[in-house]
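One-letter residues, chain by chain:
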Amino acid sequence: MQQEQQQEQQDTALNQLKTQSAVSCLVRVGQLFDIAIDAQQLQHRHGNYESAYDELDIARCAGRYGFKSKWQTIETKTLEKIPVPAILYWQGHYWVLEKNDAESSSWQLFNGKTQQTVNISVKALLIIEKLQVMLLNKSDVVKVNALPFGFQWFWQFIKKYRKQFRDVMIVSICLQLFALVTPFLFQTVIDKVLVSRGLSSLHILAIGLLSLALFEPIFTFIRSIVFSHLASRVNSELTSYVYQHLIGLPLAFFRTRQTGEIIARIREMDQVRSFMTGTALTLVLDLLFVGVFMAVMFSYAPLLAWLVIGSFVIYAGFWLCITPSLRQRVQRQYEKNADNTAFLTETVTGIETIKTSATESQFNKQWDEKLANYVKSAFSTSLLGNIAGQGIGLIQKLFSALLLWFGVKLVLEGKLTVGELVAFNMLAGHVTMPVLRLAQVWQEFQQASISLRRVGDIMHHPAENNIQAGKTSQPTIEGEIELRKVTFRYHDDAPEALRRLDLKVKAGQMIGLTGRSGSGKSTITKLVQRLYVPQSGQVLVDGMDLALIDPALLRQNTGVVLQESFLFNGTIRENIVISNPSATEEDMINAAKLAGAHEFIGELQGGYDTPVGERGGNLSGGQRQRVAIARALINDPKILIMDEATSALDYESEQTILANMPAIAKERTVIVIAHRLNALQHCDNILVLDKGEIAEQGTHRELVKSDGHYAELWKLQTAGNQPKPNTANNQSTATQASAFGLNASFKF
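Throughout this description, residue numbers start from 1 for each chain and increase along the sequence as written. Since the coordinates come from a predicted model, pLDDT governs what is reported: local features require at least 70, and pairs of side-chain atoms require 80 or more to be given and counted, while whole-chain, interface and lining totals use all residues. Only hydrogens and water are removed before side-chain values are computed, so all heavy atoms of the structure are retained for them.

Numbering of helices and strands runs from the N terminus, with a helix taken as a DSSP run of H or I at least four residues long and a strand as a DSSP run of E at least two residues long. Counting its secondary structure elements, the protein chain contains 27 helices and 16 strands. Any two residues whose heavy atoms approach within 4.5 Å are treated as being in contact. In the protein chain, the share of contacts with a sequence separation of at least 24, taken over all contacts with a separation of at least 6, comes to 73%. Accessible areas in this description were obtained via Shrake-Rupley with a 1.4 Å probe; residue shielding takes into account the shown protein chains only. For the protein chain, the exposed area adds up to about 39500 Å²; of that, 55% sits on carbon and sulfur atoms.

Structure representation (structure tokens):
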């Protein structure tokens, strides 16, 4: 057992060494290309905390900073021919090849392990026959997020996979050649075999037709496989990018929109992806050959060819007339669908409230009304779509009849043979079908355009980029917090939540915030986390403006416990270490002990591997809160925010947490928000807020003596502890008062 632990520790150390060398090499490459790469930002953005960085990890990290990269296994003797800088894997870690010095027969390399530049002789490397090398080049492709969200936004993905598109194009050309040759074969069979009764050529033509019959489905199958693979790659990358953008949006975005509405808009991305990588693309490839087919048709019969072109004009006019109404109906249908999704999400989220208030019938009625409105709009859209389809079909039948009429007339006049008429009709079919599909795709285009605008509402919103020029990640955070003349409101037309507020908290200090609801207590903590940006003033941590600090790394050094903490579906272990997957078992247990959670976790059958259920439904409210406190402590944050963190706990659990507060607050800045003032007694400074301003401040004793709002609230909360002469149940009353958080007499 001990040997296994030692081996595990050794493997962990080697993985960390390999990862550190990879990160150091990427930082070095950035310096050589004049690109600022921060090691902490890079590792946090990539998110691989468990295993060593391999070739794929390095390539992905390089891609985030605009590099094109490719790993290759090359012979060492050809190393001098590769462009520099390049990344090598040698001696168990990574190096950067910076310079080839042919005169001195040596190479200049940056050692990712020691982070030093060294000169290594050619002979030392030639001992190894082959090396893993990553070739690097600064990409000149415009980044996707730099483009306005629209159909041109997808062009970058098409350019990225241009080789695969080239393969699809080649197979499509082969299919179109088959389609072009087939009418000629049928023409020959009819004119030379049936009419002229030339049986000698029948066998050759039959072999040609059988060959086409065999190869056409094969090439069609190949195109579908290649295209499906391409579409899957584009779809996965688009989905990944949209999800990354969504979770990178600021908190204010989610606070101003319904959850169901956001989900509905994201789901409409499927419509856009389906259009871009579905029949629309293959149709474009087919339309490229329409000109070739039309040229051949004009060589047969110009009159009939002009009839076909005339049908295209009628098709176009018909769709131009029907498109505005169709777009409006599709827009209405999508809006109703989004309303239904938002309502359904809200219902599932608030199902407990619905059941406890016995309002199922009211929600059923609202759902029926919303569903009826959606069905009505969907039927209206479908009806117009059917009318459009039947109209297109009618135009097609009329022009087919005209084509046959004039064609037979030309045959009878001797201007066209029977075989040429059949060949012309086959060519006309190959031209007409893409045009008819174009009409269907035009309808899909209208739907995709509407979806694109709706998704664009999300994609156009600027995200909190973790990697930005000018952003810095402080190597260490001490925890000093300062607000200078901060004014903040949640909306432009909302009242000021904070009004020119000045506040300074020294590193390692514990302060308390209290006051009426809406006085700005939680707003201060959200500004400290950079979840919101003040309209005026500055928020500083360790003297540095938060506008210059990478928000993700700031939040890594900030632990937050809310009044109603959210647990993710998984085990208790996964929820505690979610922000620090590399935490050891000892770190997790220590955090749980400080949070008062270790004891109840030990009593569970699965211990730390017990599933918590969705939103932590398998645990009680107090248990969920203690797990959340442990989660906030697992990173050993320098700033800890407890926003009514103990209000959901019973008296005994709250006392346990407060008894542990000296250990919890050790060497970190703590901000405690509480209405129950017993949680604030041992704060170094207490602020009483009122309408976004500091009404009172001081220690607990000073505020109690000041005879202000704090003292009045304290008297009200401790009234249950005042001695009551001649009362038999005096002790029982005090005990009941404590259970409701009114007892402030206990000590740490």
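Once that is clear, we can look at the packing of aromatic side chains. Classification of ring pairs uses Phe, Tyr and Trp, with its six-membered ring standing for Trp, and accepts pairs whose centres are within 6.5 Å; under 30 degrees between planes counts as stacked, over 60 as edge-to-face, and the remaining range as tilted. Evaluated as defined, the whole model comprises 12 aromatic pairs. A centroid spacing of 5.5 Å and a plane angle of 50° characterise the contact between Phe488 and Tyr532, whose relative ring orientation is tilted. Of this pair, Phe488 sits in strand β7 (residues 481-488) while Tyr532 is found in the loop between α17 (521-528) and β10 (536-541), placing the two residues 44 residues apart along the sequence. Side by side, Phe488 and Tyr532 carry an identical accessibility label, which is buried. Ring pairs connect the aromatic residues Trp71, Tyr89 and Tyr94, which therefore count as one cluster. Residue exposure (1.4 Å probe, protein chains only): buried if accessible area is under 20% of the type maximum, exposed if over 50%, otherwise partly exposed.

Regular strands place their side chains on alternate faces of the sheet. Within strand β15 (residues 685-690), five of the six residues are buried, leaving the element largely enclosed by the surrounding structure. Note: two strands are recorded as paired if DSSP finds a minimum of 2 bridges between them. For strand β9 (residues 510-515) and β15, the ladder comprises five bridges, and the chain directions are parallel. Bridge pairing in β15 places Gly512 opposite Ile686. Examined bridge by bridge, β15 and strand β16 (residues 693-698) share five bridges and lie antiparallel to one another. Bridge assignment links Ile686 to a residue of β16, and that residue is Gly698.

It is worth spelling out helix α12 (residues 290-300) at this point. Listing the buried residues of α12 in full gives Val290, Phe293, Met294, Val296, Met297 and Tyr300. The buried residues of α12 occupy one face: seen down the axis, they fall within an arc of 160°. With respect to the buried face of α12, the exposed residues turned more than 90 degrees away are Ala295 and Ser299. Picture the helix axis, draw a direction to every C-beta atom, and the arc is the one those directions span.

Another point: the sheet that holds β15. Hydrogen bonding along the main chain pairs the strands of a sheet, whether they run parallel or antiparallel. Reading across from one edge, β12-β13-β14-β9-β15-β16 is the order of the six strands in this open sheet, with mixed pairing throughout. Looking at strand neighbours, the two that pair on one side only are β12 (558-561) and β16, the edges of this open sheet. Each strand of the sheet is rotated relative to its neighbour by a mean of 15°, with strand direction disregarded. To obtain each axis, a line is fitted to C-alpha atoms, and for helices this fit is confined to the stretch in contact; angles are then taken between N-to-C directions over 0 to 180 degrees.

Time to look at the packing of helix α13 (residues 302-349) against helix α15 (residues 360-412). Packing of α13 against α15 leaves a shortest axis separation of 9 Å and a crossing angle of 170°. Classified by the interaxial angle, the pair formed by α13 and α15 is roughly antiparallel. The cut-offs work like this: below 35 degrees is roughly parallel, past 145 is roughly antiparallel, 65 to 115 is roughly perpendicular, and the gaps in between are oblique.

A word on the pattern of salt bridges. One side-chain nitrogen of Lys or Arg within 4 Å of one carboxyl oxygen of Asp or Glu is enough to make a salt bridge. In total, this model carries 12 salt bridges according to the counting rule given. A salt bridge links Arg668 to Asp636; the shortest N-O distance between them is 2.5 Å. With Arg668 in the loop between α24 (661-664) and β14 (669-673) and Asp636 in the loop between α22 (621-633) and β13 (639-643), this residue pair connects regions lying 32 residues apart in the sequence. Residue Asp636 is classed as exposed on the basis of its relative accessible area, which comes to 51%. Residues participating in the shared-partner salt-bridge network are Arg489, Glu496, Arg499 and Glu693.

Each neighbour pair has its own omega, and for Val84 with Pro85 the value is 0°, a cis peptide bond. By the secondary structure assignment, Pro85 is in the loop between β1 (67-75) and β2 (86-90). Backbone geometry places Lys691, a non-glycine residue, at a positive phi of 55°. Relative to the elements of secondary structure, Lys691 occurs in the loop between β15 and β16. A positive phi is found at Asp707, a non-glycine position, where the angle reads about 60°. By the element assignment, Asp707 lies in the loop between α25 (700-705) and α26 (709-717).

Here the focus is helix α23 (residues 651-659). Among the residues making up α23, those that are buried are Ser653, Glu654, Ile657 and Leu658. Along the axis of α23, the buried residues cluster in a sector spanning 135°; they form a single face. Buried-residue contacts for α23 involve α20 (585-594), α22, β13 and α24.

For the rest of this paragraph, the subject is the sheet that holds strand β8 (residues 498-505). Across the sheet, which stays open at both edges, the four strands sit in the order β8-β7-β10-β11 with antiparallel pairing between neighbours. Each edge of the open sheet is held by one strand with a lone partner, namely β8 and β11 (544-545). Across five bridges, the pairing between β7 and β10 is antiparallel. Following the sheet pairing, Thr487 is matched in β10 by Ser536. The strands touched by α17 are β7, β8 and β10; relative to β7, the strand with the most contacts, the crossing angle is about 115°.

Attention now moves to the packing of helix α9 (residues 259-267) against α13. Axis separation between α9 and α13 bottoms out at 7 Å; the angle between their running directions is 135°. Compared by their axis directions, α9 and α13 come out oblique. Considering the relative orientation of α9 and α13, their crossing is right-handed. Between α9 and α13, the contacting residues are Thr259, Gly260, Glu261, Ile263, Ala264 and Arg267 on the first element and Ala338, Thr341, Ala342 and Thr345 on the second. The class makeup of the residues in the contact of α9 with α13 is four nonpolar, four polar and two charged. Handedness of a crossing is defined here by the sense of rotation of the near helix relative to the far one, left-handed for an anticlockwise turn of less than a right angle and right-handed for a clockwise turn. Polar here means any residue other than Ala, Val, Leu, Ile, Met, Phe, Trp, Tyr, Cys and Pro, which are nonpolar, and Asp, Glu, Lys and Arg, which are charged; Gly is therefore polar.

Values of pLDDT, the confidence the predictor places in each residue, fall between 0 and 100. Residues of the protein chain with pLDDT of at least 70 account for 86%, and the chain-wide mean is 78. Element-level pLDDT for the protein chain is lowest in helix α27 (residues 730-739), with a mean of 38, against a maximum mean of 91 in β14. Long-range and interchain partners of residues 466-470, a stretch whose pLDDT sits below 50, account for eight contacts in this model, where long-range means more than four residues apart. In this model, residues 723-748 is a region of pLDDT below 50 whose contacts with residues beyond four sequence positions or in other chains number 36 contacts.

A few words on the nonpolar core. Grouping buried Ala, Val, Leu, Ile, Met, Phe, Trp, Tyr and Cys residues that are joined through side-chain atoms within 4.5 Å yields what is termed a nonpolar core. Membership of the largest hydrophobic core comes to 44 residues, with the highest contact counts inside it found for Ile572, Ile576, Met661 and Leu680. Sort the elements by how many residues they give to this core and α22 lands first, with five residues. With sequence-adjacent residues up to four places away left out, Leu680 is seen in contact with Gly512, Leu513, Thr514, Val672, Ala674, Ile686 and Tyr710. Membership of the second largest hydrophobic core comes to 38 residues, among which are Val290, Met297, Ile395 and Leu427.

Assignment of secondary structure puts Ala665 in the loop between α24 and β14. A relative accessible area of 14% places Ala665 in the buried class. Once the C-alpha coordinates of Ala665 and Gly508 are considered, the two residues, 157 residues apart in sequence, prove to be 7.6 Å apart. Beyond its immediate chain neighbours, meaning those up to four positions away, Ala665 contacts Met510 and Val670.

Along the chain, Val441 falls in helix α16 (residues 418-459). A relative accessible area of 9% means that Val441 is categorised as buried. Separated by 166 residues in the primary sequence, Val441 and Phe275 place their C-alpha atoms 8.1 Å from one another.

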